[in-house]
Amino acid sequence: MTLTVAIQMDHINSIKIAGDTGFALLLEAQRRGHRILHYTPERLSLRDGKVFAMVDPIEVRDEEGNHFTLGSQERVDLSTVDAVLMRQDPPFDLAYITATHFLERIHPKTLVVNDPEHVRNAPEKIFVTHFPHLMPPTLISRDKAEIEEFRREHGDVVMKPLYGHGGASVFKVAHEDPNFGSLYDLFSNLFREPWVTQRFLPKITEGDKRIILIDGEAAGAINRVPAPNDIRSNMVRGGAAKPTDLSPREREICETIGPDLKRMGLILVGIDVIDGNLTEINVTAPTGIRAIKRLGGPDLAVTVWDVIEGKVKRV
């Protein structure tokens, strides 16, 4: 079955293909003979109740610096394509939310991955709090008294933006830390929304496990080990990816949240687990597929497309 697939992403000339999950999905779609259309979020329009995009047909190659060829641009009614992959990077801001409202107009007749309504309703550091029994102690607040009480109870903590991504602006704050007042002022000035304060997990030095769930099932994982003298394990911040297996606790976490992910149409999800504690559920543009394959794990792009094709057939 040949599909027409549109991918909404940051421009393909800006991505690093070695670690880009969206690019892995494009390679597999092309291998299966699907027609692929590329567009960036600002080329999405809502007119008289219909959703249009100015798209470029695209061919891809797994060659850094020579990884794509774009065809002639055309205007497409996205309700006429089979699937849309929503793969632009955060920030999860009003522009991102607006795109979910647009794409919600065509889903599920056109399958949008992930379901735009539930992407909008599941911001990654808030959605995870539906499962407090799986998490470390966590506070979301900008109230200084609440944060100070949390610090008194839990000692060393991590402070991070509620809508941050890629490990940006993540700080460890010690139990008695003269920098806390300045950090509080900095966060207050930078962010209008509350931020996350979470009990520090010392075993972060042993790694932050990224687990990929596909249609609610655990499908593969890597362990991301922070660089020396850093608590951030994100590979864009210098973290090193290592092969790994899932522990019984990690399987329990996946089995607990998996049914909700499947029900919500969150087909491709990446969760972060530190020392058996669930810290984030990433539903916007989760990464890790290429690293899992490179380290000897399964090619999860194949699994994702098996699921997408199965769902398109049923629509």
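Refer to the structure printed above.
Here we summarise the structure given alongside this text.

Criteria and cut-off values
Residues numbered from 1 in each chain as written. Predicted model: local features only at pLDDT ≥ 70, side-chain atom pairs only at ≥ 80, totals over all residues. Heavy atoms only, no water. Buried < 20%, exposed > 50% of the residue type's maximum accessible area, 1.4 Å probe, protein only. Helix = DSSP H or I, 4+ residues; strand = E, 2+ residues; numbered from the N terminus. Arc of directions from axis to C-beta. Contact = heavy atoms within 4.5 Å. Polar contact = N/O pair within 3.5 Å; in protein donor to acceptor, adjacent residues only side chain to side chain. Core = buried A, V, L, I, M, F, W, Y, C linked by side-chain atoms within 4.5 Å. Pairing = 2+ DSSP bridges. Axes fitted to C-alpha atoms, helices over the stretch in contact; angles between N-to-C directions. Right-handed = clockwise from strand over helix to strand, strands pointing away. Phe/Tyr/Trp six-rings, centres within 6.5 Å; stacked < 30°, edge-to-face > 60°.

**Concerning helix H5 (residues 144-154)**
Stage number 1. Residues Ile147, Phe150 and Arg151 constitute the buried set of H5. For H5, the angular spread of the buried residues around the axis is 100°, confining them to a single face. Of the residues in H5, the exposed ones pointing more than 90 degrees away from the buried face are Arg152 and Glu153.
Stage number 2. Elements in contact with the buried residues of H5: strand S9 (138-141), strand S10 (157-161), strand S11 (171-173), helix H6 (180-190) and strand S12 (195-199).
Stage number 3. The N-capping residue of H5, defined by a side-chain oxygen 3.1 Å from the backbone nitrogen of Ala145, is Asp143.

**Section: the nonpolar core**
Stage number 1. Within the largest apolar cluster, 42 residues are counted, with the highest numbers of intra-cluster contacts made by Leu78, Ile271 and Ile281.
Stage number 2. Breaking this core down by element, the ones donating at least two residues are strand S2 (35-39), strand S4 (50-60), strand S7 (83-86), helix H2 (94-104), strand S13 (208-214), helix H7 (248-263), strand S16 (268-274) and strand S17 (277-282).
Stage number 3. Look past the residues within four positions of Ile271 in its chain and what remains in contact with it is Lys209, Arg210, Ile211, Leu213, Ile253, Cys254, Ile257, Leu278, Glu280, Ile281 and Asn282.
Stage number 4. By size, the runner-up hydrophobic cluster in this structure holds 35 residues, among which are Ala29, Leu85, Ile289 and Val312.

**Considering the sheet that holds strand S15 (residues 240-243)**
Stage number 1. Strand order in this open sheet of 5 strands is S15-S14-S13-S16-S17, and the pairing throughout is antiparallel. A single partner strand is all that each edge strand has here, and the edge strands are S15 and S17. Strand-to-strand twist in this sheet, taken as the mean axis angle between neighbours without regard to direction, amounts to 30°.
Stage number 2. The pairing of S13 with S16 spans 6 bridges and is classified as antiparallel. Paired with Leu213 across the bridge in S16 is Val269.
Stage number 3. Its contacts with the sheet put H7 on S13, strand S14 (217-225), S16 and S17, and the angle it makes with S13 is roughly 40°.

**As for the pairing of S7**
In regular strands, side chains alternate between the two faces of the sheet.
Stage number 1. Of the two faces of S7, the one lined by Ala83 and Leu85 and the one lined by Val84 and Met86 are each fully buried.
Stage number 2. Alignment of strand S1 (residues 4-8) against S7, held across 4 bridges, turns out to be parallel. Residue Ile7 lies in a different strand from S7, and its bridge partner there is Leu85.
Stage number 3. Pairing of S7 with strand S8 (residues 111-113), which is carried by 3 bridges, proceeds in the parallel orientation. Looking across to S8, one finds that Val84 is bridged to Val112.
Stage number 4. For the crossover from S7 across H2 to S8, the handedness is right-handed.

**Some remarks on the sheet that holds S11**
Stage number 1. Spatial strand order, S9-S12-S10-S11: 4 strands in an open sheet with antiparallel pairing. Each edge of the open sheet carries a strand with a single partner, namely S9 and S11. Across the sheet, the axes of successive neighbouring strands diverge by a mean angle of 25°, strand direction being ignored.
Stage number 2. Where S10 meets S12, 5 bridges bridge the pair, whose relative direction is antiparallel. The residue bridging Lys160 from the neighbouring strand is Val196, located in S12.
Stage number 3. Relative to the sheet, H6 contacts S10, S11 and S12, its axis offset from that of S10 by approximately 20°.

**A short note on the packing of aromatic side chains**
Geometry of an aromatic ring pair is reported as the spacing of the ring centres plus the angle between the planes.
Stage number 1. Per the counting criterion, the structure on display carries 8 aromatic pairs.
Stage number 2. For the ring pair Phe92 and Tyr96, a centre distance of 5.6 Å and an interplane angle of 40° mean the geometry is tilted. Accessibility assignment for this pair places Phe92 and Tyr96 in one class, buried.
Stage number 3. Ring geometry for Phe171 and Phe187: centres 6.0 Å apart, planes at 65°, overall edge-to-face. In this pair, Phe171 is assigned in strand S11 and Phe187 in helix H6, connecting sequence segments 16 residues apart.

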